[in-house]
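In case you want the letters, here they are:
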Amino acid sequence: MAEGEKLIPINIEDEMKSAYIDYSMSVIVSRALPDVRDGLKPVHRRVLYGMHELGVRANSAHKKSARIVGEVLGKYHPHGDTSVYDTMVRMAQEWSLRYMLVDGQGNFGSVDGDSPAAMRYTEARMQKISEEMLADIDKETVDHKLNFDDTLHEPTVLPTRIPGLLVNGASGIAVGMATNMPPHNLTEVINGIIAYIDNTDIDIDALMQHVKAPDFPTGGTIYGYDGVRDAFHTGRGRIVLRGKANIEEVNGRECIIVDEIPYQVNKAEMIKKTADLVNEKKLEGISTIRDESDRKGMRIVYVLKRDAIPNIVLNKLYKYTALQSSFSVNNIALVNGRPQLLNLKDLIHYFVEHRHEVVVRRTTYELRKAEERAHILEGLIIASDNIDEVIQIIRASSNADEARTNLIKRFELSEIQARAIVEMRLRQLTGLEQDKLRSEYDEIIKTIAELKDILDKKERRMAIIKDELEVIRDKYGDERRSVIEYAGGDLSIEDMIPNEKVVITISHAGYIKRTSLNEYKTQNRGGVGQKASTTRNEDFLEHLFVGTNHQYMLFFTQKGKCFWMRVYEIPEGAKTSKGRAIQNLINIEQDDKVMAFICTQDLKDDDYINSHYVIMATKKGQVKKTSLEQYSRPRTNGINAITIKEDDELLEAKLTTGESQVMLALKSGKAIRFEEAKTRPMGRNASGVRGITLANDNDEVIGMIAVDDMESNILVVSENGYGKRSSLDDYRITNRGGKGVKTISITDKTGNLVSIKNVTDNDDLMIINKSGIAIRMAVEDLRVMGRATQGVKLINLKGQDSIAAVAKVMHDEDDVDDTESIENTEPTNDGTTVDNNNENNNNE
């Protein structure tokens, strides 16, 4: 150890803490976060200042990028040439910055993520708008500090006339915090700032009349306004962005044409990932993808398959690809060197404060210069008034210093005035020049009065800030690029799809389709029915119900899982087509199948989901009730709806309001009726309680209904086409878990019970048998009979055919012949239809 040195032991933990805090503060303050005043990080500021010092302005020739990078690196930013060049490249990319700050010449990369050329090949100069960021920098408007080696001075902030942070945004990751600020439209921002200057008490909602939303360089659509509102009010929010897509016909094929993509999305990457999804069969309906972008603009073409519905494919593209992405706003910027979360008003306030300081400092500087010049002019005017004596004194002096001293003595001048007189040129002795001196002096006295008045009155300074901003707005302002779709969320696709009533059919093998209800017609009882569906061999239609395109659909499977879908996402098919396999639409396991389905209204409506329940029944007689709220957050892979015990399976699920009466029917012809309140609400993973006791091991539950309207009748149908309706009062209310009472006489002629429904005279029945034949009939054609009878024949079955499914449909009083009109109907929560004049029916 050298002489005079000593070792000081330090706890490594303390040293690490202090070193890391120093490092993190350095990253926060002088690397990763922008300054709230000019919106720039140190590296951006240094690039612009370096270009300014080099003289590569907007009106000069381009200079090699390597020359500019070298200047910035050598003088101000000792952090590696890559960081400086990458910064400069980004400032020259029209898809990265809303208002570019660098005018690049050469290859500066592409929206496909291509790298720019090396800096020895590219050239750059400042954009006109960047000069506005450096305007008045030579008038002592901002503080300067020493550079890294204390040999030069650099500005700590730019005296910008452009609200840089708002118009170009910023993003950066510091230590323990990050910033992500979106760009905005210059015209809107300046209008907002002017509104703030006019009324500093203006609230954020009023500012949002001017600054409507972020405005991204790549355009696109801001989908939904909640995120924008949050971001403006709190400084944090999630803005959903969509590419702009149109549906066109190209060479006889329907195509989706995308001409704008979300901000910061790599186009080539997006197309590649979409193609992968198509190849993996996760995205149906697209046959080929072409990128036809050129120098005229972007154009991505998704060529659709012939049977694809363009709106649904587009919806899937938004859902699964980067064609819809989100921008998480996090407005953290440095305010007086400290990071702070800022809302819209804060950002405007700090910019105006900065501009105000710049105007004050500029005016003070100009006043000082004007007073200095006036002082010199006063001396020159004294000299010109006494020119002969001045010449005599100068001639009589042996040197300049003596001449200055003599002049000071004679005319009581200052050192500065005397020096100016001694250095006067002979031509200034002409009469014309002397007049010029006097007029310049008069002008400068007026200027001084004007500048003092500006420094005295804040309203004048504010008027100057406003005038300068208006000049900037008129010079650089442009139209907004990003379109705002205020009614975001799930509305957009729905707007394109009519909310018509549809019949949804699910076959035994799991094929699903939706068909317009108008394709079905009413027939009289005992008819043969129409061909409803072409199913595959051995397949038959098992479920059939009526809903509308805009409803939400929950699928409940045999194993007790729940999947979520919109009705319009179900593929449309003609009455005779077989539909699409559910496996391709939801992520259902191979050995599972859909058993029940519920059509609900808006799952985002808290009042609705908290006041409704899902009640389920299994084949072995278990029942379970759960709040609908538990099913309002769908997951792609489904969620558990009920824990199914061994040898059991889920049979039915209904939507209720908690006030219903539940009926379960058995294959053996027994039925039980009990109050829904007898089953308490349980979590999604519970397995339920006993609803009915089975007569023997071969017996099973065939259906469950939830009755709200106590006037409705109970309709039962057996597999050989027999059916009847009886009064609800025929079934007494018992406790759940009993054996039930007889609901139909089961004989060889009738076959086992297959269906139980609650109906009124206003309903039609839709009966479908295993060979795919459907018949529709009016319930009022069936008389009410006793509970223990075998009923009447509803449909003539041929050969070994039997009934597969029964559903009810509302019919109109004004039916004419076979046509059907259901204008006054409204789908219920279990997917069937009721009269919306009868409010009690709404939750059958």
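Residues numbered from 1 in each chain as written. Predicted model: local features only at pLDDT ≥ 70, side-chain atom pairs only at ≥ 80, totals over all residues. Heavy atoms only, no water.

## Notes on the overall build of the chain
Okay, step 1: For the chain, the helix and strand inventory stands at 19 helices and 43 strands.
Okay, step 2: Here the C-alpha atoms of the chain give a radius of gyration of 41 Å, more than 25% beyond the 28 Å that 2.2 N^0.38 yields for 844 residues.
Okay, step 3: Referenced to the eigenvectors of the C-alpha coordinate spread, the extents of the chain come out at roughly 145 × 80 × 50 Å.
Okay, step 4: Taking all 844 residues of the chain together, 53% fall into the buried category.
Okay, step 5: Surface exposure of the chain reaches about 38,600 Å², of which carbon and sulfur atoms provide 46%.
Okay, step 6: With 113 positive and 133 negative side-chain charges, the chain shows a separation of 4 Å between the mean positions of the two kinds. (Helix = DSSP H or I, 4+ residues; strand = E, 2+ residues; numbered from the N terminus. Rg over C-alpha atoms; globule rule 2.2 N^0.38 Å. Buried < 20%, exposed > 50% of the residue type's maximum accessible area, 1.4 Å probe, protein only. Areas by Shrake-Rupley, 256 points an atom, 1.4 Å probe, with all protein chains shown as cover. Lys, Arg positive; Asp, Glu negative; His and termini not counted. Charge placed at Lys NZ, Arg CZ, Asp CG, Glu CD.)

## Points about the packing of helix H7 (residues 186-198) against helix H17 (residues 458-476)
Okay, step 1: One can describe the packing of H7 onto H17 by two numbers: an axis separation of 10 Å at closest approach and a directional angle of 165°. Classified by the angle between their axes, H7 and H17 sit roughly antiparallel to one another. Considering only the axes of H7 and H17, their crossing is left-handed. Across the interface between the two elements, Leu 186, Thr 187, Ile 190, Asn 191, Ile 193, Ile 194, Ile 197 and Asp 198 of H7 pack against Met 462, Ile 465, Lys 466, Leu 469, Glu 470, Ile 472, Arg 473 and Tyr 476 of H17.
Okay, step 2: Classifying every residue of the contact of H7 with H17 gives 10 nonpolar, 2 polar and 4 charged. (Axes fitted to C-alpha atoms, helices over the stretch in contact; angles between N-to-C directions. Parallel < 35°, antiparallel > 145°, perpendicular 65-115°, else oblique. Left-handed = near helix turned anticlockwise from the far one by under 90°. Contact = heavy atoms within 4.5 Å. Nonpolar A, V, L, I, M, F, W, Y, C, P; charged D, E, K, R; others polar.)

## Side note on the domain arrangement of the chain
Okay, step 1: If you check the domain split of the chain, you get domain 1 (28-160), domain 2 (244-322), domain 3 (348-476), domain 4 (492-520 + 538-602) and domain 5 (604-630 + 644-813).
Okay, step 2: For domain 1 and domain 4, the distance between their C-alpha centroids amounts to 58 Å. (Domains from an automatic or database assignment.)

## Things to note about the sheet that holds strand E32 (residues 689-690)
Adjacent strands of a sheet form backbone hydrogen bonds with each other and so pair up, either parallel or antiparallel.
Okay, step 1: Pairing is antiparallel in the open sheet, where 4 strands are placed in the order E29-E26-E27-E32. Because the sheet does not close on itself, it has two edges, and the strands there are strand E29 (650-656) and E32.
Okay, step 2: With 6 bridges connecting them, strand E26 (residues 613-618) and E29 associate as antiparallel partners. In the strand pairing of E29, Ala 617 is matched with Glu 652. (Pairing = 2+ DSSP bridges.)

## Focus: the sheet that holds strand E35 (residues 722-727)
Okay, step 1: Across the sheet, 4 strands lie side by side as E37-E34-E35-E40; this open sheet has antiparallel pairing. For this open sheet the edge positions go to strand E37 (753-759) and strand E40 (792-793), each flanked by a neighbour on one side alone.
Okay, step 2: Bridge analysis of E35 against E40 gives 2 bridges, and the strand direction is antiparallel. Bridge pairing in E40 places Tyr 722 opposite Lys 793.

## A look at unusual backbone geometry
Okay, step 1: In this model, Asp 150 sits at a positive phi of 60°, which is unusual for a non-glycine residue.
Okay, step 2: One can find Asp 150 in the loop between strand E4 (144-146) and strand E5 (153-155).
Okay, step 3: The phi angle at Glu 412 is positive, at roughly 55°, despite the residue not being glycine.
Okay, step 4: Along the chain, Glu 412 falls in the loop between helix H14 (400-411) and helix H15 (415-422).
Okay, step 5: You can call Glu 412 exposed: its relative accessible area is 73%.

## A short note on the pattern of salt bridges
Okay, step 1: Taken as a whole, this structure holds 50 salt bridges when the rule is applied.
Okay, step 2: As a salt-bridge pair, Lys 625 and Glu 676 come within 3.7 Å of each other at their nearest N and O atoms. With Lys 625 in strand E27 (residues 622-627) and Glu 676 in the loop between strand E31 (670-675) and E32, this pair connects stretches of sequence that are 51 residues apart. Residue Lys 625 shares its accessibility class with Glu 676, and that shared class is buried.
Okay, step 3: Shared partners join several salt bridges into a network, and the residues in it are Asp 136, Lys 139, Arg 161, Arg 355, Arg 362, Glu 366 and Glu 468. (Salt bridge = Lys/Arg side-chain N within 4 Å of Asp/Glu carboxyl O.)

## Topic: the pairing of E27
Okay, step 1: The buried fraction of E27 is high, at 6 of 6 residues.
Okay, step 2: Alternating positions in E27 separate into two faces, Gln 622, Lys 624 and Thr 626 on one and Val 623, Lys 625 and Ser 627 on the other, with burial throughout.
Okay, step 3: The pairing of E26 with E27 spans 5 bridges and is classified as antiparallel. When the bridges of E27 are listed, Tyr 613 appears paired with Ser 627.
Okay, step 4: In this structure, E27 lies alongside E32, joined through 2 bridges in antiparallel fashion. Each residue of the ladder has a partner; that of Val 623, found in E32, is Val 689.

## Some remarks on the packing of H14 against H15
Okay, step 1: Between H14 and H15, the least distance of the axes is 9 Å, while the angle of their chain directions is 125°. Relative to H15, H14 is oriented oblique. The handedness of the crossing between H14 and H15 comes out as right-handed. Taken together, the residues of H15 that come into contact with H14 (itself represented by Ala 400, Ala 403, Arg 404, Leu 407 and Ile 408) are Glu 415, Ala 418, Arg 419, Ile 421 and Val 422.
Okay, step 2: Of the residues belonging to the contact of H14 with H15, the class tally is 7 nonpolar, no polar and 3 charged.

## Details of a nonpolar patch on the surface
Okay, step 1: Residues Ile 21, Met 25 and Val 29 make up a contiguous nonpolar surface patch of about 250 Å² in total accessible area.
Okay, step 2: Structurally, Ile 21 can be placed in helix H1 (residues 12-32).
Okay, step 3: Given a relative accessible area of 51%, Ile 21 falls into the exposed group. (Patch = residues over 30% accessible without salt bridge, like charges linked within 9 Å, V, L, I, M, F, W, Y side chains within 5 Å.)

## Quick word on the packing of aromatic side chains
Okay, step 1: Per the counting criterion, the structure on display carries 7 aromatic pairs.
Okay, step 2: Both rings, one in Tyr 20 and one in Tyr 23, keep their centres 5.8 Å apart while their planes meet at 50°; by these two values the pair is tilted. Separated by 3 residues within a single helix, Tyr 20 and Tyr 23 lie in helix H1, roughly one turn from each other.
Okay, step 3: Residue Tyr 20 is classed as partly exposed on the basis of its relative accessible area of 48%.
Okay, step 4: Relative to Tyr 263, the ring of Phe 216 lies with its centre 5.2 Å away and its plane at 40°, an arrangement referred to as tilted. Pair noted here: Phe 216 is in the loop between helix H8 (204-207) and strand E8 (221-223) and Tyr 263 is in the loop between strand E11 (253-260) and helix H10 (267-279), with a separation of 47 residues, a long-range link. (Phe/Tyr/Trp six-rings, centres within 6.5 Å; stacked < 30°, edge-to-face > 60°.)

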